Amino acid sequence: MTDPHNAADRGRADVEKRWQDTGSYRSAALYVVAVVALGAVACAVFLAVDPANIALASLVPGVFLLGGIGALVNAYRTYRRGGTWPMWQGAAWFLFALMLVALAFPAMAG
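**Thoughts on helix α4 (residues 86-102)**
Thought 1: Taking 1.5 Å per residue, 17 residues should reach 24 Å; α4 reaches 24 Å between its end C-alpha atoms and fits that length.
Thought 2: Every buried residue of α4 is accounted for by Pro86, Met87, Trp88, Ala91, Ala92, Leu95, Phe96, Met99 and Ala102.
Thought 3: Residues of α4 that are buried sit in contact with α2 (22-49), α3 (54-81) and α5 (104-109).

Below, the structure written as structure tokens:
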């Protein structure tokens, strides 16, 4: 058995890839859904108010950038507690990929 407070055991648990933490997966998935919903609202506001406004257009990728950074912060906090952190890292990468796609909105406004 691994001890989450021992640094060597914590690393071994990461390598074993036997994660059974459905709570961490569920919370990371709900976080992604919430950030994507917020990004969709920002996109709707941008398209409804003024499609030529660069500030509103930049809000869409900004939401995904801040969401990805927040997911990485949660991954680090979960890692320090000895929990299952790779779900949070995957959530961050997904949000960063959405940010790259959403960078088309400021180009569309300009």
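**Some remarks on α3**
Thought 1: Taking 1.5 Å of rise per residue, the 28 residues of α3 would be expected to cover 40 Å, and the 41 Å separating its terminal C-alpha atoms lies within 8% of that figure.
Thought 2: For α3, the principal kink sits at Val60 and spans about 30 degrees; a proline, Pro61, occurs within the next four residues.
Thought 3: Looking only at α3, the buried set comprises Leu56, Ala57, Val60, Pro61, Val63, Phe64, Gly67, Gly68, Gly70, Ala71, Ala75 and Thr78.
Thought 4: Along its buried surface, α3 packs onto α2, α4 and α5.
Thought 5: For α3, the N-terminal capping position is held by Asn53, with its side-chain oxygen 3.0 Å away from the main-chain nitrogen of Ala55.
Thought 6: Of the residues flanking the end of α3, it is Gly82, one or two places downstream, whose phi is positive at about 90 degrees.

**Considerations on a nonpolar patch on the surface**
Thought 1: A cluster of nonpolar side chains, Leu65, Leu66, Ile69 and Val73, forms an exposed patch at the surface whose accessible area comes to about 340 Å².
Thought 2: The topology assignment puts Leu66 in helix α3.

**A few points about the side chain of Ser24**
Thought 1: Mapped onto the fold, Ser24 is located in helix α2.
Thought 2: Polar contacts involving the side chain of Ser24 include one to the main-chain carbonyl oxygen of Thr84, which spans 2.9 Å.
Thought 3: Leave out the neighbours within four places in its chain, and Ser24 touches Thr84, Met87 and Trp88.

**Some points on the packing of α3 against α4**
Thought 1: Closest axis-to-axis distance for the α3/α4 pair is 8 Å, and the angle between their directions is 165 degrees. In terms of axis orientation, α3 runs roughly antiparallel to α4. Crossing angle aside, the handedness with which α3 passes α4 is left-handed. Residues Val60, Pro61, Phe64, Leu65, Gly67, Gly68, Ile69, Ala71, Leu72, Asn74, Ala75 and Thr78 of α3 lie in contact with α4, whose contacting residues are Trp88, Gln89, Ala91, Ala92, Leu95, Phe96, Leu98, Met99 and Ala102.
Thought 2: The residue makeup of the contact of α3 with α4, split by class, is 16 nonpolar, 5 polar and no charged.

**Details of the packing of aromatic side chains**
Two aromatic rings are characterised by how far apart their centres lie and by the angle between their planes.
Thought 1: Counted under the stated rule, the structure contains 4 aromatic pairs.
Thought 2: Their ring planes at 65 degrees and their centres at 5.5 Å tell us that Tyr31 and Trp88 sit as a pair that is edge-to-face. With Tyr31 in helix α2 and Trp88 in helix α4, this pair connects stretches of sequence that are 57 residues apart.
Thought 3: Look at Tyr31 and you get partly exposed, because its relative accessible area is 22%.
Thought 4: Look at Phe46 and Phe105: their rings are 5.7 Å apart centre to centre, the planes differ by 80 degrees, and that puts the pair in the edge-to-face class. One end of the pair, Phe46, is in helix α2; the other, Phe105, is in helix α5, and 59 residues separate them in sequence. A single burial state applies to Phe46 and to Phe105, both of which are buried.

Cut-offs and rules
- Residues numbered from 1 in each chain as written.
- Predicted model: local features only at pLDDT ≥ 70, side-chain atom pairs only at ≥ 80, totals over all residues.
- Heavy atoms only, no water.
- Helix = DSSP H or I, 4+ residues; strand = E, 2+ residues; numbered from the N terminus.
- Expected span 1.5 Å × (residues − 1).
- Buried < 20%, exposed > 50% of the residue type's maximum accessible area, 1.4 Å probe, protein only.
- Contact = heavy atoms within 4.5 Å.
- Bend = angle between axes of the 7 residues up to and from the residue.
- Polar contact = N/O pair within 3.5 Å; in protein donor to acceptor, adjacent residues only side chain to side chain.
- Patch = residues over 30% accessible without salt bridge, like charges linked within 9 Å, V, L, I, M, F, W, Y side chains within 5 Å.
- Areas by Shrake-Rupley, 256 points an atom, 1.4 Å probe, with all protein chains shown as cover.
- Salt bridge = Lys/Arg side-chain N within 4 Å of Asp/Glu carboxyl O.
- Axes fitted to C-alpha atoms, helices over the stretch in contact; angles between N-to-C directions.
- Parallel < 35°, antiparallel > 145°, perpendicular 65-115°, else oblique.
- Left-handed = near helix turned anticlockwise from the far one by under 90°.
- Nonpolar A, V, L, I, M, F, W, Y, C, P; charged D, E, K, R; others polar.
- Phe/Tyr/Trp six-rings, centres within 6.5 Å; stacked < 30°, edge-to-face > 60°.

Function cannot be inferred from these measures alone, as they are strictly geometric.
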